[in-house]
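Chain by chain, the residues:
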Amino acid sequence: PPPRINPPGPDTLLRTIVGQQVSVAAARSMWTKLVTRFGDPVDLAALVAADDAMLREAGLSRQKAGYARS
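Residues numbered from 1 in each chain as written. Predicted model: local features only at pLDDT ≥ 70, side-chain atom pairs only at ≥ 80, totals over all residues. Heavy atoms only, no water.

Trainee: How should I be thinking about the confidence of the model for the protein chain in this particular structure?
Mentor: Close reading of the predicted structure is inappropriate where its pLDDT is low. Of the residues in the protein chain, 100% reach a pLDDT of 70 or more, and the chain-wide mean stands at 91. Mean pLDDT across the elements of the protein chain bottoms out in helix α1 (residues 10-19) (91) and peaks in helix α3 (residues 44-49) (95). (pLDDT = per-residue confidence, 0-100. Helix = DSSP H or I, 4+ residues; strand = E, 2+ residues; numbered from the N terminus.)

Trainee: Just to check I follow, could you spell out the environment of Gly-66 for this structure?
Mentor: Its location among the elements puts Gly-66 in helix α5 (residues 62-69). We classify Gly-66 as partly exposed; its relative accessible area is 28%. The spatial distance from the C-alpha of Gly-66 to the C-alpha of Leu-55 is 9.7 Å, given a sequence separation of 11 residues. (Buried < 20%, exposed > 50% of the residue type's maximum accessible area, 1.4 Å probe, protein only.)

Trainee: For this particular structure, what's the right way to read the pattern of salt bridges?
Mentor: Between side chains of opposite charge, a pair can form as their charged atoms come close. Under the counting rule described, the total for this entry stands at 2 salt bridges. The partner of Arg-37 in a salt bridge is Glu-57, with the nearest N and O atoms 2.6 Å apart. Of the two residues, Arg-37 is situated in helix α2 (residues 24-38) and Glu-57 in helix α4 (residues 52-57); the sequence distance between them amounts to 20 residues. Since its relative accessible area comes to 37%, Arg-37 is described here as partly exposed. (Salt bridge = Lys/Arg side-chain N within 4 Å of Asp/Glu carboxyl O.)

Trainee: Would you mind going over unusual backbone geometry with me for this structure?
Mentor: A negative phi holds for most residues other than glycine; trans holds for most peptide bonds. Following Asp-40, the chain continues into Pro-41 via a peptide bond in cis, with omega recorded as 10 degrees. Its location among the elements puts Pro-41 in the loop between α2 and α3. The phi torsion at Gln-21 lies on the positive side, around 60 degrees, for a residue other than glycine. Mapped onto the elements of the fold, Gln-21 is located in the loop between α1 and α2.

Trainee: I'm lost on α2 in this one. Help?
Mentor: Three- or four-residue spacings in an α-helix give side chains the same orientation, since the helix completes a turn every 3.6 residues. For α2, with 15 residues, the first-to-last C-alpha span of 21 Å sits near the 21 Å given by 1.5 Å per residue. Those residues of α2 that sit buried are Ala-27, Met-30, Trp-31, Leu-34, Val-35 and Phe-38. Each buried residue of α2 sits inside an arc of 130 degrees when the element is viewed along its axis, so together they form one side. Exposed side of α2, more than 90 degrees from the buried face: Ala-25, Arg-28 and Thr-36 are the residues found there. Contacts from the buried residues of α2 go to α1, α3, α4 and α5. Downstream of α2 by a residue or two, Gly-39 has a phi angle that is positive, lying close to 90 degrees. (Expected span 1.5 Å × (residues − 1). Arc of directions from axis to C-beta. Contact = heavy atoms within 4.5 Å.)

And the structure:
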């Protein structure tokens, strides 16, 4: 298949974090929940300020939430 080229930036990094070690369907579901809660593009200030419960509701594990905040 042709290579997938994504633009550099925080959304591409977040998509990479969300998609690690999960199925494509699970990653898509998590990403949809994330942008529903934090906008598209993701409002990084709101994501960093969100508590763990909000990020879990968006589908992120504690580990992924930590990576996303970093």
